[in-house]
Amino acid sequence: CLMMSLTSTRGCLLDLPWEDILIPHILCHVPLQQLLSLQRVSKSFQSLIQLYLANMRCFDSSQIGPAIPQAAFVNLLKDSKVLQQLALQNCSSWLTDMDLLPILWRNHHLQQIQLKGCVRLSRSTLVSISLNCPNLRQLSLAHCDWVDSLSLRSLADHCKALEAVDLTACRQLKDEAICYLVQKCSRLKSVSLAVNANVGDMAVQETAKCCPELEHLDLTGCLRVKNDSIRVLAEYCPKLRSLKVKHCHNVAESSLSILRVRGVELDVEPPLQRALVLLQDVVGFAPFINIQI
């Protein structure tokens, strides 16, 4: 319906000021996939959509479909210079440094970058992000094994306004690299160090001491983290709202209870509730237990 309405009145539509009316007030509300179809209507519409793409602030590859061809991706962003948000998880199977680096070199206003699962990139990408994106606020590098301590140090040195970083399953990283990051990026509010066997108490405690604004911390599967780290979090992070410690076998209720009393959201149930759930799984029902004294 949208396509028919636009094409049937294209003379009137295209007569509107493109940069003052069409792009900021009309096209911004049209799904990206429909815009790409719209550019096939005529040369005028093609020029309009190309101008829109050049002035686009947010690009999310998932808006186009489950997978975007490499050639289409390069063509879509070839003129972009003002991007603020870039989400490329749907490009993870083919995205390389050669595809991404030119975009980073042109777009110095990026504040949010999502590269989850982009395994074909290299440390050059993270170095380029640090050198070209000084206003970066959020960065997801989940399941990017190519992230190493040297590239993370570059990020810490140049992106000190960082507020959220996802380093899930970045298995090259050890405590020392995490410590350097949080010492430089003290504004961090959300940090994920999940699924990393190299992360231990040193990294968690340094994060707590250096990031007083911390609200969310994911330590899922960090087997070296112990109770002492959780107690330090409770002491130094008054704004903490959620903590994930599932599969952290050395973290017990004795330390979690301090946060539980404060209302911090935990992904591990209290001992009594865990026992009831286990009992329900075994016998098929949850008994009523009177614990009044």
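Source: prediction; values computed, not measured.

**Examining the packing of helix α12 (residues 227-236) against helix α13 (residues 253-261)**
Moving on, step 1. Packing of α12 against α13 leaves a shortest axis separation of 8 Å and a crossing angle of 15 degrees. On the basis of the axis angle, α12 is roughly parallel to α13. As α12 runs across α13, the sense of the crossing is left-handed. Facing α12, whose interface residues are Asn227, Ile230, Arg231 and Ala234, α13 presents Ser254, Ser255, Leu256, Ile258 and Leu259.
Moving on, step 2. For the contact of α12 with α13, a count of residues per class yields five nonpolar, three polar and one charged.

**With respect to unusual backbone geometry**
Moving on, step 1. In this model, Ala169 sits at a positive phi of 60 degrees, which is unusual for a non-glycine residue.
Moving on, step 2. Locating Ala169 in the fold gives a position in the loop between β5 (164-166) and α10 (175-184).
Moving on, step 3. Judged by relative accessible area, which is 0%, Ala169 ranks as buried.
Moving on, step 4. Notably, Val195 is not glycine yet its phi reads approximately 55 degrees, a positive angle.
Moving on, step 5. Within the secondary structure, Val195 sits in the loop between β6 (190-192) and α11 (201-210).
Moving on, step 6. With relative accessibility at 36%, the residue Val195 sits in the partly exposed group.

**Notes on the pattern of salt bridges**
Opposite charge on two side chains lets them pair, provided their charged atoms get close.
Moving on, step 1. Inspection of the entire model under this criterion finds seven salt bridges.
Moving on, step 2. The partner of Glu213 in a salt bridge is Lys239, with the nearest N and O atoms 2.7 Å apart. Linking Glu213 in the loop between α11 and β7 (216-218) with Lys239 in the loop between α12 and β8 (242-244), this pair joins segments that are 26 residues apart in sequence.
Moving on, step 3. When its relative accessible area of 28% is taken as the criterion, Glu213 is described as partly exposed.
Moving on, step 4. The salt bridge involving Glu253 is made with Arg260; its shortest N-O contact spans 2.8 Å.

**So, the environment of Pro24**
Moving on, step 1. By the element assignment, Pro24 lies in helix α3 (residues 18-26).
Moving on, step 2. The residues touching Pro24, leaving out its near neighbours within four places in the chain, are Trp18 and Glu19.

**Re the packing of helix α9 (residues 149-158) against α10**
Moving on, step 1. Two elements in contact, α9 and α10, have axes whose closest approach is 8 Å; the angle formed by their N-to-C orientations is 5 degrees. Here α9 lies roughly parallel to α10, going by the angle between them. Taken together, the residues of α10 that come into contact with α9 (itself represented by Ser149, Leu152, Arg153, Leu155, Ala156 and Asp157) are Ala177, Ile178, Tyr180, Leu181 and Lys184.
Moving on, step 2. The residue inventory of the contact of α9 with α10, partitioned by class, reads seven nonpolar, one polar and three charged.

**A look at the packing of aromatic side chains**
Centre-to-centre distance and the angle between the planes together describe a pair of aromatic rings.
Moving on, step 1. Scanning the model with the defined rule gives two aromatic pairs in all.
Moving on, step 2. Here Phe73 and Trp94 contribute two aromatic rings whose centre-to-centre distance is 5.4 Å and whose plane-to-plane angle is 65 degrees, an arrangement assigned as edge-to-face. A residue pair is termed long-range when its members are at least 10 positions apart, and Phe73 in helix α6 (residues 70-76) and Trp94 in the loop between β2 (85-87) and α7 (97-106) qualify at 21 residues.
Moving on, step 3. Classification of Trp94 by relative accessible area gives buried; the value is 12%.
Moving on, step 4. A network of ring pairs unites the aromatic residues Phe59, Phe73 and Trp94 as a single cluster.
Moving on, step 5. The ring of Tyr180 carries Arg153 above its face, with NZ or CZ at 3.7 Å from the centroid.

**Points about helix α5 (residues 43-54)**
Moving on, step 1. The end-to-end C-alpha distance of α5 is 16 Å, a good match for the 16 Å that twelve residues give at a rise of 1.5 Å each.
Moving on, step 2. Regarding α5, the residues found buried are Phe45, Leu48, Ile49, Tyr52, Leu53 and Ala54.

**Here we look at the confidence of the model for the protein chain**
Moving on, step 1. Residue-level pLDDT values for the protein chain average 88, and 88% of them are 70 or greater.
Moving on, step 2. When the criterion is pLDDT under 50, residues 1-10 qualifies, and its contacts beyond four places in sequence or with other chains add up to eleven contacts.

Criteria and cut-off values
Residues numbered from 1 in each chain as written. Predicted model: local features only at pLDDT ≥ 70, side-chain atom pairs only at ≥ 80, totals over all residues. Heavy atoms only, no water. Axes fitted to C-alpha atoms, helices over the stretch in contact; angles between N-to-C directions. Helix = DSSP H or I, 4+ residues; strand = E, 2+ residues; numbered from the N terminus. Parallel < 35°, antiparallel > 145°, perpendicular 65-115°, else oblique. Left-handed = near helix turned anticlockwise from the far one by under 90°. Contact = heavy atoms within 4.5 Å. Nonpolar A, V, L, I, M, F, W, Y, C, P; charged D, E, K, R; others polar. Buried < 20%, exposed > 50% of the residue type's maximum accessible area, 1.4 Å probe, protein only. Salt bridge = Lys/Arg side-chain N within 4 Å of Asp/Glu carboxyl O. Phe/Tyr/Trp six-rings, centres within 6.5 Å; stacked < 30°, edge-to-face > 60°. Lys NZ or Arg CZ within 6 Å of the ring centre and 35° of its normal. Expected span 1.5 Å × (residues − 1). pLDDT = per-residue confidence, 0-100.

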